[in-house]
Structures are given as C-alpha cells and as structure tokens.
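A structural walkthrough
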Amino acid sequence: MSNTPQPAPVAEERIELKARNVSFEWEKTPLHWIPGDPFTGHTINVLHLLLPAGERWFVHVYKQVLPHITDDRLREDVIGFIGQEAMHSAAHDDVLPHLKKLGLDPTPYTAQVDWLFEKLLGDRTLPPGRAREWWLMERVATIAAIEHYTAFLGNWILNAETLDRRGADPMMLDLLRWHGAEEVEHRSVAFELFMHVDGGYRRRVRTWATAFTALAFLWQRGARFFMANDPTLADGRASFGEFYRAGRRGMLPSTPAMLKSIPRYLSRTYHPSQEGSTAQAVAYLAASPGANGGR
C-alpha cells in the first residue's frame, strides 16, 4: 500500500458505479456519420478500434490487483469500474461489424491493437515476488494515465455542441456520450487505485510518458488507416494540420486543451475529480436513450 500523501479530491457526492445495460442500433448510421466531414468522423472512429482491446486489458489487470486492495470502498469502486469497462468494450466492439458492412474492414488495424495489449502489455512469465509485482504496478500506473485522457475526452464529448449543430448521427453521439459520461463518472477510480497500491511520483511520470506517446501514435495511425481504406474516398488522408483545424472548429478536442491537460496530470496536487462534472455526467446518463435500454 502506498505511503505517498494522497491529493485531495474535489468535494462531490460519491456515485455508486454500476454497469448499465445499454442498447444501440447501427442500421441507420452512415459511414460518414458527420455529414461532409469524413476526417473528423474517422478520427473519432479510432475509439472503436482501440477501446475493445484496451478495456478488456483494463479488466484483466484490475482483476489481478483486487487482492492488493485493503480499502473496502475503493474495492467497491474498482468492481464497479470493471463492470463499466467491460460494457464499454462490448459496445464499441459492436460497431465494427457495421463498419465492415459499409465497406471498411477494421481487422488489419484491430489485430495490431490486440497484439499490443495482449502481448506487449500482457502477462509475463515472471517469478513470484518483486519482479511480478513491479510489472503489475507498471500496468496499474499506465491505466491511471490512460484514464486521465479518457476522462478528458469524456468531458469534451459531453460538451461538444458543434457536433450536434453539424448534424452528427444521434445514435453515434449517444454511444460516445454514454461512454464519455461513465468515464467522467468513474474518473477518480484508476488514479486512486494507483495511489493506494503504489503512488510513486516517478512511476506516474514515466508511465504517463509511455501512455501519451502510445495513444498519440495509435490514434494518428488509426485515423490514417480509416481515411486510406474508406471505399468512398479517392485519396483519403489524415494529417495533424487537419486535426488542429478541426479542434479549432470544435469538431475535435483542441490541441491547446490537450497540451494543457499534461501539466495538470503531472502536478503533485492532481486529482481526477478536478476534471469534468459528475452532476453533468449523471444527468446525461439519466436521459441517454442507449443507457436506458434504447427507449
């Protein structure tokens, strides 16, 4: 258990975390679900490629760390987190057959992502003791860093009104906002778990650098894959310049906002409750058609 001082959370009512029985139907969702803007849609579509494997990995690692948790409340939160992440993985996985039906087969890219999480970041044959515990703590810290960005993205999508004004597909927006709302809802769990079982600042910085680099690499690679393989585009390309411009228009997270999130996470006083609003997330989840059985 960590002896590192815990950063103080923002005072906010604790929410009991639970997996919701969601329902989404994709038959009417077009390939370019943001009219006239395939680049933005495909950049966001990368979530469907990364998240199923990534969140299955989260669940696998957290099941291993459960015996190390000595705080009953945190254990309940982690169990709720596991349930939500498993549902996220399944919901995004369900989008992939629809994309394939529309002529965009994601299999070549998802195979690479599966290799990353199952092999490179998967279990290793290590002797019991310090080496095995070190690898478990590295992965717990990496998840905390990734969850900083999933909460950032969740807060962004909940407030991305430009997508509504541009006529984005309501079903896809609901999937993204349901997921984003739950990321905001459980945004403190991964960090508090890391602080509970380890909390080392050097490990936090090191694993943040690894996670940030990997996410940036995988995201741009995924966007390029989608644009290059979109059967409706004669010369589909993805570039950082287009990403930056889309961010300025409010269609994607802005580059300055993403850069400003870095020192927040690396601050010794950081706590995830400083990001986003639980009340906003809960209000969206209460109204979301998909989160309420597709009503």
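Refer to the structure presented above.
1. A word on the overall build of the chain
- If you tally the helices and strands in the chain, you get 12 helices and zero strands.
- Traced from its N-terminal end to its C-terminal end, the chain shows the element sequence α-α-α-α-α-α-α-α-α-α-α-α.
- The C-alpha radius of gyration computed for the chain amounts to 19 Å, which stays within 12% of the reference 19 Å derived for 295 residues, consistent with globular compactness.
- Taken along its principal axes, the extent of the C-alpha atoms in the chain is 55 × 40 × 35 Å.
- Each of the 295 residues in the chain was classed as buried or not, and the buried ones make up 52%.
- Within the chain, contacts between residues separated by at least 24 positions form 83% of all contacts whose residues are at least 6 apart in sequence.
- Separation of charge centres in the chain, based on 33 positive and 34 negative side chains, amounts to 6 Å.

2. Regarding helix H10 (residues 240-248)
- Turning to H10, its buried residues number three or more, namely Phe243, Ala246 and Gly247. Projection of H10 onto a plane perpendicular to its axis shows the buried side chains occupying an angular sector of 100 degrees, all on one side.
- For H10, the elements touching its buried residues are helix H1 (38-65) and helix H11 (255-266).
- Looking one or two places after H10, you find glycine 250, whose phi comes out positive at around 85 degrees.

3. Structural notes on the nonpolar core
- With 86 residues, the main nonpolar core has Tyr62, Val78, Leu163 and Leu193 as its most contacted residues.
- Per element, the largest residue contribution to this core is 14 residues, and it comes from H1.
- Those residues in contact with tyrosine 62 that sit more than four places away from it in its chain are Val78, Phe81, Ile82, Ile143, Ala190 and Leu193.

4. Observations concerning H1
- Here H1 contains 28 residues, and its C-alpha end-to-end distance of 40 Å stays within 8% of the 40 Å for a straight helix at 1.5 Å per residue.
- Bending of H1 peaks at approximately 40 degrees at the position of leucine 50, with proline proline 52 no more than four residues after it.

5. With respect to the packing of aromatic side chains
- For the structure on display, the rule yields 15 aromatic pairs.
- Here phenylalanine 24 and tryptophan 26 contribute two aromatic rings whose centre-to-centre distance is 6.0 Å and whose plane-to-plane angle is 20 degrees, an arrangement assigned as stacked. Considered together, phenylalanine 24 and tryptophan 26 belong to a single accessibility category, that of buried residues.
- Between tyrosine 149 and phenylalanine 212, the ring centres sit 5.8 Å apart and the planes meet at 50 degrees, which makes this aromatic pair tilted. Highlighted residues: tyrosine 149 in helix H5 (residues 130-158) and phenylalanine 212 in helix H9 (residues 201-229), separated in sequence by 63 residues.
- Residue classification places phenylalanine 212 among the partly exposed positions, given a relative accessible area of 26%.
- An aromatic cluster is present here, built from Phe24, Trp26 and Trp178 joined pairwise through their rings.
- A cation over an aromatic ring shows up here: arginine 124 above the ring of tryptophan 135, its NZ or CZ 3.6 Å from the ring centre.
- One residue, arginine 204, lies across the ring of tyrosine 265, its end atom 5.7 Å from the ring centre.

Procedures and definitions
- Residues numbered from 1 in each chain as written.
- Predicted model: local features only at pLDDT ≥ 70, side-chain atom pairs only at ≥ 80, totals over all residues.
- Heavy atoms only, no water.
- Helix = DSSP H or I, 4+ residues; strand = E, 2+ residues; numbered from the N terminus.
- Rg over C-alpha atoms; globule rule 2.2 N^0.38 Å.
- Buried < 20%, exposed > 50% of the residue type's maximum accessible area, 1.4 Å probe, protein only.
- Contact = heavy atoms within 4.5 Å.
- Lys, Arg positive; Asp, Glu negative; His and termini not counted.
- Charge placed at Lys NZ, Arg CZ, Asp CG, Glu CD.
- Arc of directions from axis to C-beta.
- Core = buried A, V, L, I, M, F, W, Y, C linked by side-chain atoms within 4.5 Å.
- Expected span 1.5 Å × (residues − 1).
- Bend = angle between axes of the 7 residues up to and from the residue.
- Phe/Tyr/Trp six-rings, centres within 6.5 Å; stacked < 30°, edge-to-face > 60°.
- Lys NZ or Arg CZ within 6 Å of the ring centre and 35° of its normal.

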